[in-house]
Amino acid sequence: MERHDRGSTGSADAGTIQPVGALSAPDVYSEVQRGAAFQEVRSRYRRFAFPAAAAFLLWYLAYVVTATAAPGLMARQVAGALNVAMLAGLAQFATTFLLTWAYARHARLHRDPAALELRWAVTLETGARPVRARGERA
């Protein structure tokens, strides 16, 4: 299998797919998991998912704690029948959709190309029949 360059990554070997030799499928998968390309895909996922999940959890907990500890603040009218609690609750929905969009965009731009390249390299190495993702065309 030929070496594939993944472009500008942290180190010289990071993001490249190295030939793994004539190994059985389980050995190939173990080797891939230890490889720089797989670790880079996992790292890209973690760099987005962990901070985003922590930020959203803090935002949600702030809403719950504020609703519990400061009911007077949450009952304050903003406009008409709209109060701070309703506005914050609607903001929870908005941030959920925003986070979903940001996650899908990040995956499409930063992880999917590397993961797809890695998947095909392993498929070629093991001689396995390629498994298509939902919605992927032949």
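In this text the structure is predicted, and so the values were computed from the model without any measurement.

*Asks:* Provide a residue-level description of the UniProt feature "transmembrane region" (unreviewed entry) in the chain, including the pertinent values.
*Replies:* When the UniProt feature table is mapped onto this chain numbering, "transmembrane region" (unreviewed entry) sits at residues 48-70 and 82-104. Between the end C-alpha atoms of residues 48-70 the distance is 32 Å, and the span holds 96% helix and 0% strand. Across residues 82-104, helical content stands at 91% and strand content at 9%; the span's end C-alpha atoms are separated by 32 Å.

*Asks:* Report on the pattern of salt bridges, specifying residues and quantitative values.
*Replies:* Proximity of charged atoms lets side chains of opposite charge pair with each other. Inspection of the entire model under this criterion finds two salt bridges. Here Glu40 ties to Arg44 by a salt bridge, and the two come within 3.0 Å at their closest N and O atoms. Of this pair, Glu40 and Arg44 both sit in helix α2 (residues 36-69), four residues apart, roughly one helical turn. Taken as a pair, Glu40 and Arg44 share a single burial class, namely buried. Among the ionic pairs, Glu40 bridges to Arg47, the shortest N-O distance being 3.6 Å. The class for Arg47 is exposed, based on a relative accessible area of 53%.

*Asks:* For helix α4 (residues 84-126), give the residues involved together with the corresponding values.
*Replies:* At Arg111, α4 is bent by approximately 50 degrees, the largest bend along its length, and proline Pro113 sits one to four residues beyond. Taken as a whole, α4 has its buried residues at Ala88, Gly89, Gln92, His106, Ala107, Arg111, Ala114, Glu117, Leu118, Ala121, Val122 and Thr123. The N-terminus of α4 is capped by Asn83, whose side-chain oxygen sits 3.3 Å from the backbone nitrogen of Ala85. Looking at the residues trailing α4, positive phi occurs at Gly127, about 75 degrees.

*Asks:* How would you sum up α2? Please name residues and give values.
*Replies:* Helix length check: α2, at 34 residues, gives a terminal C-alpha distance of 48 Å against a target of 50 Å (1.5 Å per residue), a fit within 8%. Among all positions of α2, only Ala37, Glu40, Val41, Arg44, Phe48, Ala49 and Ala52 are buried. In this structure, the buried residues of α2 make contact with α4.

*Asks:* Please set out the environment of Leu73 residue by residue, giving values where relevant.
*Replies:* By secondary structure assignment, the location of Leu73 is in helix α3 (residues 71-75). For Leu73, a relative accessible area of 36% corresponds to the partly exposed category. Considered as a pair, Leu73 and Ala85 are 12 residues apart in the sequence and their alpha carbons are 8.2 Å apart. Discounting residues that sit within four places of it in the chain, Leu73 has contacts with Thr66 and Val84.

*Asks:* Tell me about the packing of aromatic side chains, residues and numbers included.
*Replies:* The full count for this structure, using the stated rule, is two aromatic pairs. Ring geometry for Tyr45 against Tyr103: centres 6.5 Å apart, planes inclined by 85 degrees, an arrangement best described as edge-to-face. You can see Tyr45 sitting in helix α2 and its partner Tyr103 sitting in helix α4, a full 58 residues away along the chain. Ring centres of Phe48 and Tyr103 lie 6.0 Å apart, and the angle between their planes is 50 degrees; this geometry places the pair in the tilted category. Pair noted here: Phe48 is in helix α2 and Tyr103 is in helix α4, with a separation of 55 residues, a long-range link. Residue classification places Phe48 among the buried residues on the basis of a relative accessible area of 18%. Classification of Tyr103 as partly exposed rests on a relative accessible area of 35%. An aromatic cluster of at least three residues, connected via ring pairs, comprises Tyr45, Phe48 and Tyr103.

Definitions and limits used
Residues numbered from 1 in each chain as written. Predicted model: local features only at pLDDT ≥ 70, side-chain atom pairs only at ≥ 80, totals over all residues. Heavy atoms only, no water. UniProt positions renumbered as here; feature names shortened; annotations may be inferred. Helix = DSSP H or I, 4+ residues; strand = E, 2+ residues; numbered from the N terminus. Salt bridge = Lys/Arg side-chain N within 4 Å of Asp/Glu carboxyl O. Buried < 20%, exposed > 50% of the residue type's maximum accessible area, 1.4 Å probe, protein only. Bend = angle between axes of the 7 residues up to and from the residue. Polar contact = N/O pair within 3.5 Å; in protein donor to acceptor, adjacent residues only side chain to side chain. Expected span 1.5 Å × (residues − 1). Contact = heavy atoms within 4.5 Å. Phe/Tyr/Trp six-rings, centres within 6.5 Å; stacked < 30°, edge-to-face > 60°.

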